[in-house]
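Take a look at the letters that make up each chain.
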Amino acid sequence: MLFKDIGIHYRNMKRYRDIVEVLIKHGFGYLIELMELRQFLPLSKRIKKLKPSNPQQDSRAIRLRKVLEELGPTYIKLGQLLSTRPDLISRTYIEELEKLQDQVPAMNFEDVIKQLNRELNGDYNEYFSKVAAAPLASASIGQVHKATLKNGEEVVVKVQRKGIQSTIETDLDIMTNLAGLLKNRVFSDDFIDPIEIVNNFSNMIKQELDYRIEARNTKKFRKNFASEDDIIIPKVFWDLTTKRIFTMEFIPGYNINKLKDSSKNDSLARIISKSFMKQIMIDGLFHGDPHPGNFIISRDYKVAWIDFGLVGQLTQDDKERVANLFIALIKKDTDKAIEELLNLGMVTKEIDMRSLKRDFARLIEDYHGVTLEEVELSVVMNRLLDLTFKYKIRLPIEFILLVKALITVEGVVSKIEPKFDILTVAKPFAYDIIKKRLSPKRLMGDTLERLQEISKYIIDLPEELHNIFNLMQEDQLEIKFHHVGIKPLTSKLDIVSNRLSISLIIASLIVGSSLIMVADKGPEFLGFPVVGISGYLIAVVLGIWLVISILRSGKF
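This text gives an overview of the structure that appears in the document. (Residues numbered from 1 in each chain as written. Predicted model: local features only at pLDDT ≥ 70, side-chain atom pairs only at ≥ 80, totals over all residues. Heavy atoms only, no water.)

### Brief notes about the sheet that holds strand 9 (residues 295–298)
Logical step 1: Ordered by their spatial adjacency, four strands build an open sheet running 5-10-9-7, and the pairing between neighbours is mixed. With one partner strand each, in any of the chains shown, strand 5 (231–232) and strand 7 (253–254) form the two edges of the open sheet.
Logical step 2: Sheet strands touched by helix 12 (residues 265–283): strand 5, strand 9 and strand 10 (303–305). Its angle to strand 10, the strand with the most contacts, is close to 40 degrees. (Pairing = 2+ DSSP bridges. Helix = DSSP H or I, 4+ residues; strand = E, 2+ residues; numbered from the N terminus. Contact = heavy atoms within 4.5 Å. Axes fitted to C-alpha atoms, helices over the stretch in contact; angles between N-to-C directions.)

The structure is reproduced here in structure tokens:
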């Protein structure tokens, strides 16, 4: 039963119905059939052929965007996440999903005050002398207001919408159930894993719902840039920060799009580029969404980074692989670049290495004779991601986030100073990482670590072999096989067996009822045995239901 399979709760029924009707409206009725979600439709619509209510003149990518927009903020955010995964979905879908905007009406100021009072366990006036009624920014999860503390210090307060957590948790529960159905019945290969995508999205949005995580991220960045005179990271007010409100220092200044003194543009572009390369190559903690709105240029032309709700982390190995890939591309070393790309990702199908090398060589050859200053990083990165999609190389989410952040930073820098080259800033950082990795001290440490691992394996090997032989002698050795693609087959067999069972029941009812009618025994109605008539009626109802289900499936 589907109710048992997806663990549905009564409170989610209406939301399931909304999703199903929106999918049908925009021409995705075939998914309803594949996932057997028809029972969420009103009874009057279940026996009809699923037809879109809107004329289907748009492409599938446009219709998908409209579905996500209509389903609301949680699904819009899922679409925004998918728009950062060009390694998983085609460029056509990426370009359409990038149009999704997280725009909702601002909260009433009364609701903002109530939330402040609730989170501060008292009257907000005890802490703030003023909170501006008009928000500085508003989004689906919360909004930001300028405020003044009792000591006269200016701050900004991010306030979460009341009830948004419950709404998102309901949507995540439904998404998880639908992802399981998609994985089992729609996606047959290992390249696209809907469950993994939803799990990543769930982790990301749950972090956004806890403002304490953003506050801790802000503290880490402030510590990392404590010695940088040109960078400002806002101070966190911990006594005025909870899971649902976040108070930080207000930084007066200009938006990047409204700079007045163009003579400072080259310097600002260099500061932003260097600070971002430091985040990647040195700190291993980088801003995941460095769009123009997340920068403030102070009045003395320092660069302030804000909004650390989405950050990425890189291990030392990750940093070295990124540096190796970057240097291989600079040196136009095709083999090394492919090796590092495969080290970063996970291959989900057998790769035609000759074809991959040819495509990679073509990418690199397009920049033959071109100076570093003439290379557009965003173009190279997007073409690199297109290759990972073509050859089904699934990259880790942190690397995808890094690539998108790099492309965004290059866009910000080029908007400030079109002639500035971010690669010239990145090159020394990459070489410095490789230089440190090849230092005698590091090489000696790595060698000792490897020797320790090898010695551990050698010491443990006899015991492991002994355990295996014992299991074999006691007939307890088990080998587990995973049948690829068998779940859709078993699902279809279940449907076939159920229909056969119903057919046998109908046949039995007809035969049994006929015998009772001939025997002419038991209570009668209009001169016919009641039991016989009941059997015929049940057989008719089951027969009609069986015929409708077959016609509805379109397979007859």
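### Re the packing of aromatic side chains
Logical step 1: Within this structure, the stated rule accounts for five aromatic pairs.
Logical step 2: Arranged with centres 6.5 Å apart and planes meeting at 40 degrees, the rings of Tyr254 and Tyr301 form a pair that is tilted. Here Tyr254, found in strand 7, pairs with Tyr301, found in the loop between strand 9 and strand 10; they are 47 residues apart in sequence, far enough to count as distant.
Logical step 3: A cation over an aromatic ring shows up here: Arg63 above the ring of Phe28, its NZ or CZ 5.2 Å from the ring centre.
Logical step 4: Above the face of the Tyr211 ring, Lys158 is positioned so that its terminal group lies 5.6 Å from the ring centre. (Phe/Tyr/Trp six-rings, centres within 6.5 Å; stacked < 30°, edge-to-face > 60°. Lys NZ or Arg CZ within 6 Å of the ring centre and 35° of its normal.)

### Notes on the pattern of salt bridges
When charged atoms on two side chains of opposite charge get close, those side chains can pair.
Logical step 1: What the rule picks out here adds up to 24 salt bridges.
Logical step 2: Across the pair Lys14 and Asp18 runs a salt bridge whose closest N-O atoms are separated by 3.6 Å. Placement of both Lys14 and Asp18 in helix 2 (residues 13–25) is noted, with a separation of four residues, approximately one turn of the helix.
Logical step 3: Arg222 is the partner of Glu249 in a salt bridge, and the nearest nitrogen-oxygen pair spans 4.0 Å. Taken as a pair, Glu249 in strand 6 (residues 245–249) and Arg222 in helix 11 (residues 211–224) lie far apart in primary sequence, 27 residues in all. (Salt bridge = Lys/Arg side-chain N within 4 Å of Asp/Glu carboxyl O.)

### Some details on helix 6 (residues 73–82)
Three- or four-residue spacings in an α-helix give side chains the same orientation, since the helix completes a turn every 3.6 residues.
Logical step 1: Taken across its ten residues, helix 6 has eight buried, putting it largely inside the fold.
Logical step 2: Of the surrounding elements, those touching the buried residues of helix 6 are helix 2, helix 5 (60–71), helix 7 (91–97), helix 9 (164–185), helix 10 (194–209) and helix 17 (397–416). (Buried < 20%, exposed > 50% of the residue type's maximum accessible area, 1.4 Å probe, protein only.)

### A closer look at helix 8 (residues 109–120)
Logical step 1: For helix 8, built from twelve residues, the straight-helix expectation of 16 Å at 1.5 Å per residue is met to within 8% by its first-to-last C-alpha distance of 16 Å.
Logical step 2: Burial in helix 8 covers these residues: Val112, Ile113, Gln115, Leu116, Glu119 and Leu120. Buried residues in helix 8, looked at end-on, bunch into an arc of 160 degrees, giving them a common side. Facing away from the buried surface of helix 8 by more than 90 degrees, the exposed residues are Glu110 and Lys114.
Logical step 3: Where helix 8 is buried, its residues touch strand 1 (128–131), strand 3 (142–149), strand 4 (154–160) and strand 6.
Logical step 4: Looking one or two residues beyond helix 8, the residue adopting positive phi is Asn121, at roughly 55 degrees. (Expected span 1.5 Å × (residues − 1). Arc of directions from axis to C-beta.)

Limitation: the analysis is restricted to geometry and does not speak to function.
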